[in-house]
Amino acid sequence: MEKRVTGKDVARRAGVTAATVSYVLNGSQKQCVSDATRARVLEAARELGYVPDRTAKSLRRRESGVLGVVIEKNLSTPRFSTNVQGMLQEASERGYRITLCRNRMRENGMVDYLNAYYERSIDGVIFVGRDNEGPDARSAAVIERDRIPFVALDCHLGSKPFGSVDFDYRSGAYEVTTRLLKMSLGRLVYVRPEVQTPQETLREEGVRAACAEAGRVEPVIVQVSIDYRELASFDARRPAGSVVQGDRDSGYVNMLRLLKRAAVGALRDGDVVVASWSGWSRVLQAIAPVQGAVYADLASDGLSMIGTKLFSQLPNLEAGRTCVSEVLQQITGGASGHHVLVPTCHATEELLS
């Protein structure tokens, strides 16, 4: 077997000490290394094909250089893939890697991601809630007790003693609804899933507040009969990428069926229609067509750019990056922080002009 290239080999090739190689390759700011020396070390490392032994390094520092991301959502969904992309970008820029973890209980009574932390496979946890749920009570108690670097994304857990990154759904819904009401005097119809989550509650509050401030009657609420069971099944039953032709039992097709059942007969000509989920406005125009209505989506992906006057864009990339920054702050001894990111309202015509 060919001998592994070491830092000492790089030092000999560059004509410097092993310590200088370590300073350069680890990006240390504690020692002043000239640009010429730094260039010589990097060139030697490239020529020799040197790869640092991160296992040995992690044993010395008691760190792995890896962050665990707990996410059990379909990553073909643009929202979640963008979250993870932001995490990858920020982690890479900060000298860390990420790995995906599971939120499953082991035989020892501890979930996988906490096992990974205690095994020193990861240095901190980014938790993306499944159907908006945070860590279970027992795991949350362990995180708090042992001060495990931890951040929850889009869980809306209130005053929990660990880091969080959430979205200001109320202000996003308020801004979109306010601007849409200025375009039409029709009645406001808000189409939302029946499932009760903090996110849906905040969106409806924003819609109602905008109507009240504009002096309009209360919105007509059309609820689509999606419950927690349906919500949990969409990702599991939907094939990655797209719906299989003829698959009438896929989660996505079933969602459209429920949307049609709720909307047909509920919409009227000239309505101002605000849809809670991405792409719903476009679907409503196909399955429950009315004349002279204007539409907006509150949760956006590419589908919302067709068929809407306005849509609300969640800062998903920024959210991923913020999660990494937050957990690294805790790893380096900082206090946990709570971040609320504001969605951006876009006018479709302005973007496409």
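Residues numbered from 1 in each chain as written. Predicted model: local features only at pLDDT ≥ 70, side-chain atom pairs only at ≥ 80, totals over all residues. Heavy atoms only, no water.

Novice: Describe the nonpolar core, naming the residues involved and giving the relevant values.
Specialist: Core analysis: the biggest nonpolar cluster contains 24 residues, and L67, M87, I98, I126, L153, V165 and V324 have the highest contact counts within it. Of all elements in the fold, only β1 (66-71), α5 (78-93), β3 (124-128), β4 (150-153), β5 (163-167) and α13 (316-331) reach the threshold of two or more residues within this core. A total of six residues in this core trace back to one element, the largest contributor, which is α13. The contacts of I98, once residues within four sequence positions are left out, are V66, L67, V69, V84, M87, L88 and A91. (Core = buried A, V, L, I, M, F, W, Y, C linked by side-chain atoms within 4.5 Å. Buried < 20%, exposed > 50% of the residue type's maximum accessible area, 1.4 Å probe, protein only. Helix = DSSP H or I, 4+ residues; strand = E, 2+ residues; numbered from the N terminus. Contact = heavy atoms within 4.5 Å.)

Novice: Lay out the pattern of salt bridges in plain terms, naming residues and giving numbers.
Specialist: Here the structure, examined in full by the defined rule, presents 16 salt bridges. In this structure, R13 engages E47 in a salt bridge whose closest nitrogen and oxygen atoms are separated by 2.7 Å. Here R13 is found in helix α1 (residues 7-14), whereas its partner E47 is found in helix α3 (residues 35-48), with 34 residues between them in sequence. Given a relative accessible area of 46%, E47 falls into the partly exposed group. (Salt bridge = Lys/Arg side-chain N within 4 Å of Asp/Glu carboxyl O.)

Novice: If you had to explain empty space enclosed by the protein to someone new, which residues and values would you point to?
Specialist: This structure, assessed with the given rule, holds two cavities of 30 Å³ or more. In terms of lining, the largest cavity is formed by A152, C155, H156, L157, G158, K160, F162, G163, S164, D166 and H338. Broken down by element, the residue count for the lining of the largest cavity peaks at three residues, all from β5. Taken together, the residues that form the lining of the largest cavity break down as four nonpolar, five polar and two charged. Reported here for the second largest cavity is a volume of approximately 40 Å³. (1 Å grid on protein atoms, 1.4 Å probe; cavity = no way out; pocket = protein on both sides within 12 Å on 5 of 7 lines; lining within 4 Å. Points joined across faces, edges and corners; volume = space filled by probe spheres on them. Nonpolar A, V, L, I, M, F, W, Y, C, P; charged D, E, K, R; others polar.)

Novice: A description of the sheet that holds strand β9 (residues 294-297) should follow, citing residues and the corresponding values.
Specialist: Ordered in space as β7-β6-β8-β9-β10-β12, the six strands form an open sheet in which the pairing is mixed. Only two strands of the sheet have a single neighbouring strand rather than two, namely β7 (220-224) and β12 (344-347). Pairwise comparison of adjacent strand axes, ignoring direction, gives a mean angle of 20 degrees for this sheet. Bridge count for strand β10 (residues 310-313) against β12 is four bridges, and the pairing is antiparallel. The residue of β12 that forms the bridge with L310 is A347. Lying on the sheet, helix α8 (residues 169-181) is in contact with β6 (188-193), β8 (272-275), β9, β10 and β12; it crosses β10 at an angle near 170 degrees. (Pairing = 2+ DSSP bridges. Axes fitted to C-alpha atoms, helices over the stretch in contact; angles between N-to-C directions.)

Novice: Summarise the pairing of strand β2 (residues 97-101); cite the residues concerned and give the values.
Specialist: Where β1 lies against β2, five bridges are found, and the strand directions are parallel. Bridging across to β2, V69 finds its partner in L100. Taking the sense of rotation as the criterion, the β-α-β connection linking β1, α5 and β2 turns out right-handed. (Right-handed = clockwise from strand over helix to strand, strands pointing away.)

Novice: Now, about the sheet that holds β2: what can you tell me, with residues and values included?
Specialist: Taken together, the six strands give an open sheet; going across it, the order is β2-β1-β3-β4-β5-β11, and neighbouring strands pair in parallel fashion. On the outer flanks of this sheet lie β2 and β11 (338-341), each paired with one strand and no other. Strand-to-strand, the axes of this sheet are offset by a mean angle of 20 degrees, without reference to chain direction. Relative to β5, β4 runs parallel, the two being bridged by three bridges. Across the sheet, V151 pairs through a bridge with G163, a residue of β5.

Bear in mind that shape data such as this cannot, by itself, settle questions of function.
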